[in-house]
Amino acid sequence: MSRRVVRQSKFRHVFGQPLKADQSYEDIRVSRVTWDSSFCAVNPKFLAIIVESGGGGAFLVVPLSKTGRVDKNYPLVAGHTGPVLDIDWCPHNDNIIASGSEDCTAMVWQIPDSTPLRPIMEPVVTLEGHSKRVGIITWHPTARNILLTAGSDNLIIIWNVGTGEHLITIDNHPDLIYNVSWNRNGSLFCTTCKDKKVRVIDPRKQEIVQERAHEGSRPMRGLFLQNGKIFTTGFSRMSERQLALWDPVNFDEPIALQEMDTSNGVLLPFYDPDTNIVYLCGKGDSSIRYFEITDEPPYVHYLSTFSSKEPQRGMGFMPKRGLDVSKCEIARLYKLHERKCEPITMTVPRKSDLFQDDLYPDTAGPEPALEAQDWLEGKNADPLLVSLRDGYVPLKNRELKVVKKNILDSRPAPRRSMSTCDGNFHQVTLEKLLEEIHSLKVTVQSQEKRICDLENKLSKFTNGTA
């Protein structure tokens, strides 16, 4: 009699567990807008949730430490004139978040470390270029200040938020775009579209590298994995939910294809590149399924399911930098209920309290690997990695400086005759300029020292040590 061999994996026993009630975020009016985004974004400092709001669109941003009941008068981020559809934290600055809205604009916001006293109404920069609602927002994984937006006008626009200008417009989609996912170094991205096709696009060449039709007509999602393969969730012709793994080199047939169930909810996939685990959260479901992606057949291995009683309205996924490595936590999801947000931890059971190197390889850090201009000129770079051995401490608030380009600056200067008088005048002006620059530098240095002292005093007050 043959015995079944159990596949060896350190993630076989991963289990999900909701945090205690006092560590949830209560009394939040989660948005009811009919749009298939996650409605939630989280990073090591803040939790952001799209909420119901009168007179326009708004979302709530609270520090992770502010658990419990959220005051109904808590200041919102409320600059859009239409409902907010998608939000995404910048991977290189934990205080910067972008939002897309039905008002056809995308906005970039600077969130202060301290609780604001009034609603945040003024974005750092407003990006106007779409003619219909902006439903997808995603930051470039390695280049500073590069933001991608996709709208119901079937356009994808790539922006440099540091200058407020749009760099690239891609109009290769004949119908509504469901989602966009960058690859590891940001040289390509994949899209899923209402025309039932999955596309791999080179944004700088503005051309489709690969294209493949998907069976079902219902909304689908696609993710670029670390090894360059593409993971998709969608529906079969019989409206059964399914997941598939594709190799962009040979896009004819999927490497793996699994039927799941006949539920109606769109599956939102979240991917952890360090562990190669995909978490599937269906809108309206009350469960989270998770799968491990490997190089051996059948390639997509079912691990387990976290189940609860309440259906989920949306979901947020914490970057690896925000996890508690002392508890062997490999993922944390933020489940949106109708009136609250509940954190769910995914843990690998280990007896040792020591740092587990195999669970926590070096992960993507908060520093960009490229500047926007370098990426635009064709350079690629993988994310800069950091170790989690001693835990991760979020950086202080770094201001996003937007320097809008003026077309008048590029005009040639008027020609002048170079007389002796002009030369003397130029020399005197140059000396004055150098003196003024020197005095301004001294002023700035003194002000920076003053700001640092005030920040230290503020941190003492907030920590209760003053």
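Residues numbered from 1 in each chain as written. Predicted model: local features only at pLDDT ≥ 70, side-chain atom pairs only at ≥ 80, totals over all residues. Heavy atoms only, no water.

- In the nomenclature of an unreviewed UniProt entry, the protein is known as Coronin of Erpetoichthys calabaricus.
- Per its UniProt entry, the protein bears the Sequence similarities (unreviewed entry) comment "Belongs to the WD repeat coronin family." (UniProt positions renumbered as here; feature names shortened; annotations may be inferred.)

### Thoughts on the overall build of the protein
Move 1: Each helix and strand in the protein was counted, giving two helices and 32 strands.
Move 2: Taken against the 2.2 N^0.38 rule, which gives 23 Å for 466 residues, the C-alpha radius of gyration of the protein at 25 Å falls within 12% of a compact globule.
Move 3: Referenced to the eigenvectors of the C-alpha coordinate spread, the extents of the protein come out at roughly 105 × 55 × 45 Å.
Move 4: A buried classification covers 48% of the 466 residues belonging to the protein. (Helix = DSSP H or I, 4+ residues; strand = E, 2+ residues; numbered from the N terminus. Rg over C-alpha atoms; globule rule 2.2 N^0.38 Å. Buried < 20%, exposed > 50% of the residue type's maximum accessible area, 1.4 Å probe, protein only.)

### Overview of a nonpolar patch on the surface
Move 1: Nonpolar side chains collect at one region of the surface, where Leu 433, Leu 434 and Ile 437 lie side by side and expose about 280 Å² of accessible area between them.
Move 2: The topology assignment puts Ile 437 in helix H2 (residues 420–463). (Patch = residues over 30% accessible without salt bridge, like charges linked within 9 Å, V, L, I, M, F, W, Y side chains within 5 Å. Areas by Shrake-Rupley, 256 points an atom, 1.4 Å probe, with all protein chains shown as cover. Salt bridge = Lys/Arg side-chain N within 4 Å of Asp/Glu carboxyl O.)

### Quick look at the sheet that holds strand E27 (residues 300–307)
Move 1: Reading across the sheet, the four strands line up as E24-E25-E26-E27 and stay open at both edges, with antiparallel pairing between neighbours. Both outer strands of the open sheet, strand E24 (267–272) and E27, are each paired with one neighbouring strand and no more. Going from strand to strand, the sheet's axes swing by 25° on average, the running direction of each strand aside.
Move 2: Pairing analysis gives seven bridges linking strand E26 (residues 287–293) to E27, with the strands arranged antiparallel. Pairing of Ser 287 across the sheet is with Ser 307, part of E27. (Pairing = 2+ DSSP bridges. Axes fitted to C-alpha atoms, helices over the stretch in contact; angles between N-to-C directions.)

### Comments concerning the pairing of strand E28 (residues 314–317)
Move 1: Residues Gly 314 and Gly 316 of E28 are buried on one face, and the alternating residues Met 315 and Phe 317, pointing to the opposite face, are buried as well.
Move 2: Sheet topology note: the E28/strand E29 (residues 329–336) ladder contains four bridges and is antiparallel. Its bridge partner lying in E29, Gly 314 is registered against Leu 336.

### Some words on the pattern of salt bridges
Move 1: Taken as a whole and judged by the stated rule, the model has 20 salt bridges.
Move 2: Put simply, Asp 195, Lys 197, Arg 199 and Glu 211 are held in one network by salt bridges that share partners.

### What to know about the sheet that holds strand E18 (residues 197–202)
Move 1: Here four strands make up an open sheet; going across it, the order is E16-E17-E18-E19 and the pairing antiparallel. Each end of this open sheet is capped by a strand with a single partner; those strands are strand E16 (177–182) and strand E19 (207–213). Going across the sheet, the axis of each strand differs from the next one's by a mean of 20°, ignoring polarity.
Move 2: Here E16 runs beside strand E17 (residues 189–193); their pairing, made up of five bridges, is antiparallel. Its bridge partner lying in E17, Ser 181 is registered against Cys 190.

### Some remarks on the pairing of strand E4 (residues 46–51)
Move 1: The element E4 is extensively covered by neighbouring structure, given that six of its six residues are classed as buried.
Move 2: The sheet contact formed by strand E3 (residues 40–42) and E4 spans three bridges and is antiparallel. Each residue of the ladder has a partner; that of Ala 41, found in E4, is Ala 48.
Move 3: Linking two consecutive strands that pair antiparallel, namely E3 and E4, is a turn of three residues.
Move 4: Bridge count for E4 against strand E5 (residues 57–63) is six bridges, and the pairing is antiparallel.

### Describing the environment of Arg 118
Move 1: For Arg 118, the location among the structural elements is in the loop between strand E10 (105–110) and strand E11 (125–128).
Move 2: For Arg 118, a relative accessible area of 60% puts it in the exposed group.
Move 3: Along the backbone, Arg 118 and His 438 are 320 residues apart, and their C-alpha atoms lie at a distance of 38 Å.

### Some words on the packing of aromatic side chains
Move 1: Tallying each qualifying case throughout the model produces 10 aromatic pairs.
Move 2: With a centroid separation of 6.3 Å and 80° between ring planes, the pair formed by Phe 59 and Trp 109 is classed as edge-to-face. Here Trp 109 lies in strand E10 and Phe 59 lies in strand E5, a separation of 50 residues in the sequence.
Move 3: Look at Phe 59 and you get buried, because its relative accessible area is 0%.
Move 4: Classification of Trp 109 by relative accessible area gives buried; the value is 0%.
Move 5: Each member of the aromatic cluster is reached from another via a ring pair, and the members are Phe 270, Tyr 279, Tyr 290 and Phe 317.
Move 6: Sitting over the face of the ring of Phe 235, Arg 218 holds its NZ or CZ atom 4.4 Å from the ring centroid. (Phe/Tyr/Trp six-rings, centres within 6.5 Å; stacked < 30°, edge-to-face > 60°. Lys NZ or Arg CZ within 6 Å of the ring centre and 35° of its normal.)

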